[in-house]
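Here are the chains, one letter per residue:
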Amino acid sequence: ARDHLGIPCLDMAFSPESGAPYGVYHSTFDSFEWMDSEGDPGFVRHVAMARLWGLVALRLAGDADADAPLPLNLTLQAEAIGGYISAAQAHARNVSSSNASRVDFGPLEA
């Protein structure tokens, strides 16, 4: 799980035991036939990943008894966003004083 620019995101994948990527993703060999015969015979990992994503979706949806399905720390989110704004302001000042005047950070500073 990651948090970039205040947007929480998640990426899940199965890796070979070596930890190396399997090497055919988006290549000429990336086909249904290859996956069926070599990559994931019987599509066992595909089924497992679909089940895992389904459980994640149910967990994120919460239930009627829960106050908030996602345990977000909004203070940390606000601090991170404030840091992104400060970095953008510093970058705008460093690029050129004439360019900095074109960017209005007023609404973000309220």
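Residues numbered from 1 in each chain as written. Predicted model: local features only at pLDDT ≥ 70, side-chain atom pairs only at ≥ 80, totals over all residues. Heavy atoms only, no water.

1. Things to note about the overall build of the protein
Within the protein, the secondary structure is distributed over five helices and two strands. Starting at the N terminus, the α and β elements of the protein follow one another as β-β-α-α-α-α-α. A buried classification covers 10% of the 110 residues belonging to the protein. Summarising the internal contacts of the protein: among those between residues at least 6 apart in sequence, 36% fall at separations of at least 24. (Helix = DSSP H or I, 4+ residues; strand = E, 2+ residues; numbered from the N terminus. Buried < 20%, exposed > 50% of the residue type's maximum accessible area, 1.4 Å probe, protein only. Contact = heavy atoms within 4.5 Å.)

2. What about the side chain of aspartate 40?
Structurally, aspartate 40 can be placed in the loop between helix H1 (32-39) and helix H2 (44-61). For the buried aspartate 40, no salt bridge exists, and the shortest N-O distance to an oppositely charged side chain is 4.4 Å, to arginine 45. Within the structure, aspartate 40 has its side chain in polar contact with the backbone nitrogen of arginine 45 (distance 2.9 Å). (Lys, Arg positive; Asp, Glu negative; His and termini not counted. Salt bridge = Lys/Arg side-chain N within 4 Å of Asp/Glu carboxyl O. Polar contact = N/O pair within 3.5 Å; in protein donor to acceptor, adjacent residues only side chain to side chain.)

3. Overview of the side chain of glutamine 89
Structurally, glutamine 89 is set in helix H3 (residues 74-95). Given a relative accessible area of 15%, glutamine 89 falls into the buried group. Here glutamine 89 is in contact with Phe105 and Glu109, once residues within four sequence places are set aside.

4. Focus on the packing of aromatic side chains
Evaluated as defined, the whole model comprises one aromatic pair. Relative to phenylalanine 43, the ring of phenylalanine 32 lies with its centre 5.4 Å away and its plane at 25°, an arrangement referred to as stacked. Pair noted here: phenylalanine 32 is in helix H1 and phenylalanine 43 is in the loop between H1 and H2, with a separation of eleven residues, a long-range link. (Phe/Tyr/Trp six-rings, centres within 6.5 Å; stacked < 30°, edge-to-face > 60°.)

5. A look at the confidence of the model for the protein
Regions with low pLDDT carry predicted coordinates that are not meant to be interpreted in detail. Per-chain confidence: the protein averages 77 in pLDDT, with 71% of residues scoring 70 or above. The least confident element of the protein is helix H4 (residues 97-100), whose mean pLDDT is 56; the most confident is H2, at 87. (pLDDT = per-residue confidence, 0-100.)

6. Section: the environment of glutamate 109
Position of glutamate 109 relative to the elements: it lies in helix H5 (residues 106-109). A sequence separation of 24 residues divides glutamate 109 from isoleucine 85, and the C-alpha atoms of the two residues are 8.5 Å apart.

7. Quick word on H3
With 22 residues, H3 should reach 32 Å at 1.5 Å per residue; the first-to-last C-alpha distance of 31 Å fits that figure. Restricting attention to buried positions, one finds in H3 the residues Gln77, Ile85, Gln89 and Ala92. Down the axis of H3, the smallest arc covering the buried residues is 110°, so these residues share one side. Residues Leu76, Glu79, His91 and Asn94 are exposed on H3 and point more than 90 degrees away from its buried face. (Expected span 1.5 Å × (residues − 1). Arc of directions from axis to C-beta.)

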